[in-house]
Each structure stands twice: as structure tokens, then as C-alpha cells.
Amino acid sequence: MRRLARVPDSPLCQPLQGQWAMARQEGDAAPDEGADWIALPGPMTVAAGLQQAGLWSLASSTRDFDQEGWCFRCRFDAPVGAEPGQPLCLGLDGLATLASVSLNGEALLHSQNMFRQHELLLPQGVRPLGNELLIRCEPLAPLLAQRRGRPRWRTPMVPQQQLRWVRTTLLGRTPGWSPNAPAIGPWRGVWCEPLAARRLTHLSWQAEVVEGQGRLRVSLATQDCEALRGAFIYVVCGEQQVQAGLQLGDDGHWQAEAVVPQPALWWPHTHGRPALYQVSLHWPSGEAAQHLGHVGFRTVTLDTAQQGFGLQVNGVPVFARGAVWTPSDALSLHAPAAQYQDLLQPLCAAGLNMLRLAGPMVYECPAFFDACDALGVMVWQDLMFANMDYPGEDAAFRAEVEAEVSQQAQQWQARPSVVVVCGNSEVEQQAAMWGAPREAWTPALFHQHLPELLAKVLPGVAYWPSSAHGGALPFQPAVGTCSYYGVGAYKRSLEDAASSRLSFATEALAFANIPGDDTLATLREQSQGQAARVHGPVWKQGAPRDLGAGWDFDDVRDHYVEALYGVRADQLRAYDPARHLMLGRAAVAETMAAAFARWRSAGSVCRGALVFTLRDLRPGAGWGVLDDCGRPKSGFHGLAAAWQARSLLLTDEGLNGVTLQVVNDPADAVAGELELKLFRDGHVLVAEGRAPVAVAGHSVTAVPAQALLEGFLDINWAYRFGPPVANVLWACWRNEQGDVLSERLMFLPTVAGLQGQELGLSARAEAQADGSRRVTVGTQRAARGLHFEAEGWVADHEWFDLAPAGSRTVVLRPSGPKVRAFRGLVQAINGLTPAVISGGA
């Protein structure tokens, strides 16, 4: 057995081609030919295989997978190009969780860690024909039933506390929010390749910026040590090209250092260009160069002044906004490599610049980081530990963890997107909340052993011990980092987003986010054709909750419906369910946008917040701002309005009035103009004003709305000397050329609250050559929470506000492979009558 180096885009490292199948295993012996083998297209989890075969449904699952043993079989011939007797490398990129591997009856491996990759040397190769690979996965339940030391604290998130001893994901084992489908089996790729003399057996590199120069240090080894004599490394970005020769080091590895003068720096896409350098290995014999991958040059600094937390990239403070990443497929736990760019591009368009891979989930594959590097998305990478009291003092457990982390960290080397590695998710918080002794809050595993290991492997990446860390209590919003649910689960007012003095939220703003019409149609099918009601069992299966709590996150959402719109959510749910869903969607969009407006404002101490979570794991009203198919929910649209790199945001500052927050993340300064209008009754102009504005790069400028007007107006009805002067504020930011950079509406406080009226909505669609529809929406009065009701179609923008006599063009595309006839409505939450979309046939 030998650890080999994975090289991106290797033509040799191909999936193991053969006939895959799986079967239940009873006892120690592998299933025989008479067993009920289920044919598979390739390696996958048990749940994925059963669903694909039509033998199991995620919607109705009650089985306990951890009680079952399974065997996976692949019958294959020798890889193409392999000579008889030639050594081969067999790669197993992930086995969940207690797995034994044999080849042609010979035992090769026993693994107890689903996060480890295994590359096995087969010195004599394999048979030309008729090889059999067996992967036997033991049930996890017997191991969990073993009596071990009691934990110092418990976590209500998982029923089985002994999972702390097992290196496996908590997904599928947290019944409050993840589907009952724990990973079992080969959940990542299986591959086999011939070992040539020039096959890399070691590859490590570090990219850093030192005194304005980019320095790339590379260490290589091959099967034949002499094969690299005279070889060199080539580093290129655009017209900038640098090469460095390899020298044999004392450790037996060939090393090179390439110095790049004044390198193009990698930036988050919201702040600059994510420049990448391609690196290749050139052989002395003149053979075709081997592509090793890409690197990026940037600096990352943690700013913890005054007990806060913030990131500086290339010396510039960066406001991080994004979400906690969830696998795009709850059963396979990863996406096909080619899909990651497509998954991330809409997130970048929405203004997201950070994703957090959280401790209860799984490590992602290299293609995910390739996409983040290329698109300029920062990654907060948790190690896969969450909430529990892990036995770091156990020597065998710690050795397994250190091997896991070393292996993962090697894959993050020189990746500019990886800016923070975090020891765990909420371990300190859980210990403190449970009442464990204070000395137990900071285990040596996360505060000593792992940071020392990572400092050697990832010297240019910041380390943070826990996702909630700092302060007298590790979950205080004003100190360090925390899981912020003041606005959200704790039902605090929107003002708490500012008054809590939040420093950095590694997760925040969790709601039961109501999905769109397509997902509701799926729930209707699961309800035997009956509309899925919020109180029904099918709906509640997808609504997240904390185990043991007397409430769920539907209740949280309804609280903000009542706070924002002055209605009784329970009455709407009972007697007007359609409006209940509409206001529930609107409340989430408005709440999320308002929170981020406060956090991004001038003078805010907040340096970042990540929404929990990005995507649902099953159909329903989950935490995700995307549904389980990746379609945006209302919250995503609200966030996109508040996340843009150049944004005009509005904040209600009480007696200080309304403030225009002019945000300019890119480096270029912007000179231009602000315009403001106040309306009464949604369309009667009360006052207007203009003022020049100059905003420096990487900065926020605050302009009081009153500064654009002559004389005192109680814009936000804070002084209340009389009735409100207006109910709508519209503001616009233009550059010197007159181009609109951002515009925003604020619906101001009134005596009556949310009232419906005839808005004069109109909507006309035009069919496009690519099958999409361009829909132009217009209104005579100010429209709040405009959205589309068009089952089978998804809008690129909705849940937006529209000024009086305003219009906006939105693109709608088919939401799935089966294209429905185009028809639908446009509705606003303050409108009495929706508009039928005309045209577009």
C-alpha cells in the first residue's frame, strides 16, 4: 500500500470501468451469486442505488440504514494500456464508513473513516480478464452500541451521542433537518491506472506573496527518481511567464521555487479579479508538458482587534456574505465535477463571495475548489466535526484524525479560495450551553494539535478553532464569531441585527423557507394529490426543527409575517392559505435583505454573515434559500438585492431618519449622483431631491436622506408630530454617465400597516430564441414584493419592489427538462388584483 499523488486532469486517472452491483450482506461472508444483486451504473451510496432502482423513496423512508450491512461488487478487466504484470494503482476516494476491500479474494484494506482517500499499490497488477473488487460495508449500529466513556456534554442535534467516536458525516443522522439517508458505501470515485516511471508519487506546493513578489514552492517525486532530473516548472498567467528548474532535496523530493515579480493577485470577485496562474511540469526529454493545476497569489489576515473578527484579503477588509454550503444531492453527497461551475455562477451573480463547508456535512471534491478559485468565491472550510465531545485524548482516534486532516489539507494547498480552516462547528458553543466546565470548551485537539499540523501544511491560510468562538461565552454576537439567530429562531426584532453589534456570523437567518410552485407540486404528489398544507405531515417532514423543541422554523417565519405586516399568521394559515404562503415568502425576503443592509452599513462593526443554509436536502420548506433542485426561493432574491458589489441600501435609523448606504466594494472610486423621491398613497409625489456623491473604492458612504431634501420631513415617522408624510421612499444611485448602479424602495411606517390596493399592474412576455421569456412588468403605484406565479417556469429576479410608474424586465426560464406551456400571473403583496401575463406563446 502506498500514498500516491493525485494530479488534476490526468488522462490516466479514469473511473474503474466494469459491472457494478450491490446487495445486502448478512453476517461476515459476502453475498453469493444467488443474492439479490442490484445493478448500478457505478460506485454510489446505498440510498442512491436503492432510489435509482426504484426500491426505496426518500419521501417515505423509515428504515434504519445503520443497522444494515451491504456489499458492493465490481467485475472488471485490466485497464486500457496496462501491460500484463504491470504495477497498478487502485484508488478509492471515499468509503462510508466501516469498509473492507478485497480484490480477487485478497484482502487489501480495512477503513473506518469515510473522509480518507486510499490509493493502493498493486505490484503485480491484475488479471487481463475477470477481476472482482468487493467493498463490504459493515452496519454502524453495533459499533455505536459499544459502551464507551460518557461525553462531558450532549448535543440534541443527534440521537446517538457515540457518533463522536466515528469519522463519518452527520448528514442523514440529524432527524431534525436532514433526510434519513446516511452515506453507506463508495460515495466518491473508484479508479485504477497503470504506474509508469513518470507517475507522480508526491506533489505539494505553497504560494505566497512576500514583499510584493509571488513565490511558488513546489515539491515533486516520481516512481523513477531520475525522471525529473533536468525538468522545470512553468508558471503562466496571461503574458506573464516564469520558469524554475527542479533541484533534488535532502528529503529525496525534487524542489523548485518560482518567483513572480508583481504578480496579478487573486481577489474575491466582489472586490477584484480572481487571477490564477497555470502551473505545468516540463520534462527534460522534450515530451509534452504535464499540467499540474493552478495557483493564486493573495494574502489573508485575520483582524481580531477589539475582540472582533474580520478578514483582510491583500490588505483590504472584505465584507463576507454567503451561505453554508449543502451538497447538491442529499444521497450522493456531491455533484458531477463538470457541474460545479454552473452551480456557483448564479451565486456569484447574486453577490455571494463566501461559502462555508460546515462540520456536520462532508468535505468537497477538487472540482468544487476549482470552481471557487476560478470564480473568486472565498471558502470557509470547517473540519468535519460538529457539536459533540470528540475523544481527542484517545491516541488511536487522534492519529486517524491527523491522517484525515493532513490528506485534506494537501488538497487545499495553494488554493486561493481557501481563506479560513476552522477546527469544528459549534463544539465550544455546545459545551458552554450544556454547562460543561469552562476548561472543556477548548479541547486540545482543536486548539493545539490540529492548528500545529495545519500551520505546516497550509501556512498561508488562517485558522480559527470553532465556528462560534470568543468572549465570555463563545456564542456572544459582539465578540469573535458566532451562530447568529437573534433575527430568526430567537424572534428578535430587526433592530437586533444592529443592536447586537454582531461581529461575524458563521451561520445566520435560518427560516423554514417556503419553496416555489414546482416544489409545492412535488409535495402535492406526495400528498396523493391534496394541496400540501403548512400544518400537514408531508409539509412538516421537510420543515426543520430542533429536536425536543415545542416549535419549528415555520413558527419562526410566521412570527416575522405578523411583525412586518400586522396580520394573524394562524388565521391566514387556516382561512387564506395562499396569502399565508405569499406573505411567508415575502417576510423572509424582506427580513434577510434588511439584516444585511444593517450589517453592510457605514459604521457597522459586522464584517460578514453566512446564511444557514444554501440549499435544501429534500423537497419542502427547509432552511435552504435554494430548493432541493437548486431553484431560488424568495430569500435568495432578497439576499441578491442586498449582496451586490455596488449597492444602494436603505436603513431606518430611528430619530436619525433614513440613511442611504452607498456601498462600493470594487477598487475603482465612483463619482455620481443620488436621487430621492417620497410618495404618498403609493403614487403621489411629496418631495424629491438630488445630491452629488463620490464613493472611494472598497468603502461605504452614508448619506442621510434628509440631506437631499429642503427642510424637515419626518420621513420614517419617528417624531410623530402628525400623520406620516409619505409611505414610500425611492432612491437611486447613478454614475457620472447617468447609468443606474442601484435603486431601492423602502415602504415607510404607516398607521394602517400593510393595505391592499389596485396598483395598475401589467405584464407582457416575449418569447426568446433560447426558449426563455422576457417579461416586462409595469405598475402605476408602488408595488411591494412583486413575484410570479407560473408553475414550470423560474424567474431570474422576483420578490422585488417597483416604484410608481416604474417597469422592469425579468427573464423566465423552464424550471425543468419538461417545458410547460407558458402562462402565469404577476402579483404584489400590497396589490388587490394580480396581472395576467400576456403574450409569450
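Residues numbered from 1 in each chain as written. Predicted model: local features only at pLDDT ≥ 70, side-chain atom pairs only at ≥ 80, totals over all residues. Heavy atoms only, no water.

Some details on the nonpolar core
- Ranked by internal contacts, the top residues of the largest apolar core, which has 123 residues, are Leu509, Trp539, Phe596 and Trp599.
- Element by element, the count of residues in this core is highest for helix H13 (residues 577-599), at eight residues.
- Sequence-distant contacts of Phe596, defined by excluding residues within four places in its chain, comprise Phe319, Arg321, Leu509, Ala609, Val611, Leu639, Ala642, Trp643 and Leu649.
- By size, the runner-up hydrophobic cluster in this structure holds 36 residues, among which are Met22, Leu50, Phe76 and Leu90. (Core = buried A, V, L, I, M, F, W, Y, C linked by side-chain atoms within 4.5 Å. Buried < 20%, exposed > 50% of the residue type's maximum accessible area, 1.4 Å probe, protein only. Helix = DSSP H or I, 4+ residues; strand = E, 2+ residues; numbered from the N terminus. Contact = heavy atoms within 4.5 Å.)

Quick notes on the sheet that holds strand E45 (residues 825-827)
- Across the sheet, which stays open at both edges, the four strands sit in the order E43-E41-E45-E46 with antiparallel pairing between neighbours. Pairing within the sheet leaves two strands with one partner each, and these edge strands are strand E43 (800-802) and strand E46 (835-836).
- Alignment of strand E41 (residues 783-789) against E45, held across three bridges, turns out to be antiparallel. Residue pairing for E45: His787 is matched across the bridge by Gln827. (Pairing = 2+ DSSP bridges.)

Quick look at the packing of aromatic side chains
- If you walk through the whole model with that rule in mind, you get 29 aromatic pairs.
- Counting every residue linked through ring pairs, the aromatic cluster contains Phe115, Trp325, Tyr340, Tyr363, Phe368, Phe369 and Trp412.
- Directly above the ring of Phe385 sits Arg167, whose terminal nitrogen or CZ lies 4.0 Å from the centroid.
- The ring of Trp717 has Arg720 lying over it, and the distance from NZ or CZ to the ring centre is 3.9 Å. (Phe/Tyr/Trp six-rings, centres within 6.5 Å; stacked < 30°, edge-to-face > 60°. Lys NZ or Arg CZ within 6 Å of the ring centre and 35° of its normal.)

Focus: helix H11 (residues 553-565)
- Here H11 contains 13 residues, and its C-alpha end-to-end distance of 18 Å stays within 8% of the 18 Å for a straight helix at 1.5 Å per residue.
- Looking one or two residues past H11, Gly566 carries a phi angle of roughly 65 degrees, positive in sign. (Expected span 1.5 Å × (residues − 1).)

Digging into unusual backbone geometry
- The residue after Ala96, namely Thr97, is reached through a cis peptide bond having omega -15 degrees.
- Looking at where Thr97 falls in the secondary structure, it is placed in the loop between strand E6 (95-96) and strand E7 (99-103).
- Residue Thr613 is bonded to the preceding Phe612 through a cis peptide linkage, with omega at 5 degrees.
- With respect to the secondary-structure elements, Thr613 resides in the loop between strand E31 (608-611) and helix H14 (634-643).
- At Asn314, a residue that is not glycine, the phi angle is positive and equals roughly 55 degrees.

Re the confidence of the model for the protein
- For the protein, per-residue confidence averages 93 on the pLDDT scale, and 98% of positions sit at 70 or higher.
- Confidence drops under pLDDT 50 across residues 1-12; counting only partners more than four residues distant or on other chains, this segment forms 42 contacts. (pLDDT = per-residue confidence, 0-100.)

Looking at the sheet that holds strand E26 (residues 378-382)
- A sheet is described by the order of its strands in space; here eight strands give the open sequence E28-E27-E26-E25-E24-E31-E30-E29, paired in parallel fashion. Strands at the two margins of the open sheet, each flanked by one partner only, are strand E28 (462-464) and strand E29 (482-484). Pairs of neighbouring strands in the sheet enclose a mean axial angle of 25 degrees, with direction left out of account.
- Note that strand E30 (residues 505-508) and E31 share two bridges and pair parallel. In the sheet register, Ala508 faces E31, and the bridge partner there is Val611. (Axes fitted to C-alpha atoms, helices over the stretch in contact; angles between N-to-C directions.)

Describing the packing of helix H3 (residues 340-349) against helix H4 (residues 366-375)
- Look at H3 against H4: their axes get within 9 Å of each other, and the N-to-C directions meet at 40 degrees. Considered as vectors, H3 and H4 are oriented oblique to each other. In this structure, the crossing between H3 and H4 has a hand that is right-handed. Two secondary-structure elements touch here, H3 through Tyr340, Gln341, Leu344, Gln345 and Cys348 and H4 through Ala367, Phe368, Ala371, Cys372, Ala374 and Leu375.
- Grouping the constituent residues of the contact of H3 with H4 by class yields nine nonpolar, two polar and no charged. (Parallel < 35°, antiparallel > 145°, perpendicular 65-115°, else oblique. Left-handed = near helix turned anticlockwise from the far one by under 90°. Nonpolar A, V, L, I, M, F, W, Y, C, P; charged D, E, K, R; others polar.)

Concerning the pairing of strand E38 (residues 740-747)
- Of the pairings in the sheet, the one linking strand E37 (residues 728-735) to E38 comprises seven bridges and is antiparallel in character. Considered in E38, the bridge of Cys732 is made with Glu743.
- The antiparallel hairpin formed by E37 and E38 contains four residues in its connecting segment, where Gly738 sits at a positive phi of about 90 degrees.

Digging into the environment of Phe309
- Tracing the chain through its elements places Phe309 in the loop between strand E21 (300-303) and strand E22 (310-313).
- Note on Phe309: relative accessible area 1%, which makes it buried.
- The spacing of Phe309 and Ala478 is 169 residues in sequence and 9.4 Å in space, taken between C-alpha atoms.
- Each residue touching Phe309, except ones within four places of it in the same chain, is listed here: Leu302, Asp303, Trp380, Trp464, Gly480, Thr481, Ser503, Phe504 and Arg607.

Focus on the pairing of E22
- Direction of pairing for E21 relative to E22: antiparallel, over a ladder of four bridges. Counterpart to Asp303 in the pairing with E22 is Gly310.
- Turn length for the E21-E22 hairpin, with the two strands adjacent in sequence and antiparallel, is six residues, and the turn residue Gln306 shows positive phi of about 55 degrees.
- By the bridge criterion, three bridges tie E22 to strand E23 (residues 316-318) in an arrangement that is antiparallel. When the bridges of E23 are listed, Leu311 appears paired with Val318.
- In textbook terms, the turn of a hairpin is the stretch between consecutive antiparallel strands, and for E22 and E23 this stretch comprises two residues, one of which, Asn314, has a positive phi near 55 degrees.

Points about the pattern of salt bridges
- Counting across every chain of the model gives 39 salt bridges.
- What you see here is one network of salt bridges that share partners, running through Lys540, Asp552, Asp554, Arg557, Asp558 and Arg573. (Salt bridge = Lys/Arg side-chain N within 4 Å of Asp/Glu carboxyl O.)

Details of the packing of H13 against H14
- In the contact formed by H13 and H14, the axes pass within 7 Å of each other and the chain directions differ by 25 degrees. By the criterion of interaxial angle, the relationship of H13 to H14 is roughly parallel. Like other packed secondary-structure pairs, H13 and H14 cross with a definite hand, here right-handed. Contacts from Arg585, Val588, Ala589, Met592, Ala593 and Phe596 in H13 reach Ser634, Gly635, Gly638, Leu639, Ala642 and Trp643 in H14.
- Of the residues belonging to the contact of H13 with H14, the class tally is eight nonpolar, three polar and one charged.

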